[in-house]
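Coordinate analysis (summary)
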Amino acid sequence: MADASLEIVRESASAGLAAATDEAALERWHRQHLSASGEVSLLRRGIGKLELSERKAYGAAINALVEVLTAQYDEKRAALAQAALQARLASERVDLSLPPRARRRGALHPLRSTLREICQAFQSMGFSIYDSPHVETDEFNFQLLNIPPHHPARDMQDTFYLAPGDDPSAPMDGPTDAAARVLRTHTSAGQIRAMRAMGPGPVRVILPGLCYRNEDITTRSEVQFHQIEGLMVGTDVRMSDLKGILLQFARQIFGGDQAVRLRGSYFPFTEPSVEVDLRCALCGGAGCRVCKYTGWLELLGAGLVHPVVLENGGYDPATHRGIAFGIGLPRLVMLRHGVDDIRHFFRNDLRFLQSFR
Ligand code: PHE
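A few points on the structure. These figures come from a predicted structure and were not determined experimentally. (Residues numbered from 1 in each chain as written. Predicted model: local features only at pLDDT ≥ 70, side-chain atom pairs only at ≥ 80, totals over all residues. Heavy atoms only, no water.)

**As for the sheet that holds strand β5 (residues 224–234)**
The mixed open sheet is built from seven strands, whose spatial order is β1-β4-β5-β9-β8-β7-β6. Sheet topology places β1 (128–129) and β6 (260–267) at the edges, where each strand pairs with a single neighbour. (Pairing = 2+ DSSP bridges. Helix = DSSP H or I, 4+ residues; strand = E, 2+ residues; numbered from the N terminus.)

**Let's talk about the site of the ligand**
Not every one of the 15 residues close to the ligand is listed here, only the nearest: His186, Ser188, Arg213, Gln227 and Gly326. Separating a nitrogen atom of the ligand from a side-chain N or O atom of serine 188 is a distance of 2.8 Å. Contact distances for the ligand include 3.0 Å between an oxygen atom and a side-chain N or O atom of arginine 213. Contact with the protein chains removes 91% of the 330 Å² of surface that the ligand exposes when unbound. When contributions to the shell around the ligand are tallied by element, the ones reaching two or more residues are β5, β8 (296–305) and β9 (321–328). The element contributing the most residues to the shell around the ligand is β9, with three residues. Across the shell around the ligand, the residue classes tally to five nonpolar, eight polar and two charged. (Near = heavy atom within 4 Å. Polar contact = N/O pair within 3.5 Å; in protein donor to acceptor, adjacent residues only side chain to side chain. Areas by Shrake-Rupley, 256 points an atom, 1.4 Å probe, with all protein chains shown as cover. Nonpolar A, V, L, I, M, F, W, Y, C, P; charged D, E, K, R; others polar.)

**Quick notes on the nonpolar core**
If you look at soluble globular proteins, the nonpolar side chains tend to sit buried side by side. One finds Phe122, Phe249, Leu300 and Phe325 to be the most contacted residues of the largest nonpolar core, which totals 37 residues. At the level of elements, α5 (110–123), β5, α8 (239–254), β7 (270–279), β8, β9 and α10 (329–337) are the ones that each hand at least two residues to this core. When sequence neighbours within four positions are dropped, the list of residues in contact with phenylalanine 122 reads Phe127, Ile206, Ile245, Phe249, Phe325 and Ile327. By size, the runner-up hydrophobic cluster in this structure holds 24 residues, among which are Phe140, Val182, Val203 and Tyr315. (Core = buried A, V, L, I, M, F, W, Y, C linked by side-chain atoms within 4.5 Å. Buried < 20%, exposed > 50% of the residue type's maximum accessible area, 1.4 Å probe, protein only. Contact = heavy atoms within 4.5 Å.)

**Observations regarding the pairing of β9**
Within a regular strand, the side chains alternate between the two sheet faces. Most of β9 is tucked away: six of the eight residues are buried. In this structure, β5 lies alongside β9, joined through eight bridges in antiparallel fashion. Its bridge partner lying in β9, methionine 232 is registered against isoleucine 323. One ladder, built from five bridges, connects β8 with β9; its direction is antiparallel. Bridged to alanine 302 within β9 is phenylalanine 325.

Note that every value here comes from positions in space, so none of it alone points to a role or purpose.
Here you go:
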């Protein structure tokens, strides 16, 4: 009889436990059944009303009931805690599989990338790079290169003279003063410096860098532009070296089966002087708008180093000869990439720059 009532308590308590779906319900169930004021305690209090002979068995049955319910309660509590943890993990999940944002890649300026290629082309032919100052003296930029004051060749290289000393309001030096400071108009100024640094040994250098001229800024001219000067001096240097080196250079930069032609010209610091043309890469020599229907594109000035210049550099023109050339970088890059306005190069317009990525 007593056992049967315990069985009913167990069944209803178990059912209540199964129905609890959260921590609060679980604690309510515990208070109701297993706490000091709960259902089981009430059952214990009933022991005193039983016959002595029944008390022991009944007490043991209650203890067994408490044990079963406590075990069920512990199990349920662990299950609820586990479920809560799973729910939290699911809600706080971070998706690491999102694709990353694309990284923006920069690129070299078209002048810079072609300049590097040109340097590499000459380095592969045994030239090393020689650096010389941008602020030159009239002497190095002109006079030692056989361009005396008032020489008409100065007209083509009008430039910027610096105020003497540090006083910007002082009257400018003029071109008759050998020490007058000037922004170099061509990299040829470095020819004398390279020869004086390396003489009396052989010279095989290129001098890349910015030059400056007092020009109107147009689609074809800027006040600053890069040149690559080349200079080779030795006891066994000749015009055919010049032609071979420049043909090799043209093929490395413009590709495959380029042809060059040498045309007589004049520079005060070379004798003989030539203008070197590249067969028009656009029309293959047939004639087009870019080459003005001549089939050839003017690429650079060159020649045998003038005896006076050799002497100014410290070499004896009786035993030594030199070849020199000066390549204008912007024109070459414009030809190579079909750029129609030199001003793009220093405008820093991202749309222009990005087209070279
Ligand atoms: N310095 C000349 C110029 O700027 C180019 C040149 C260099 C010509 C070397 C001959 C030899 O126009």
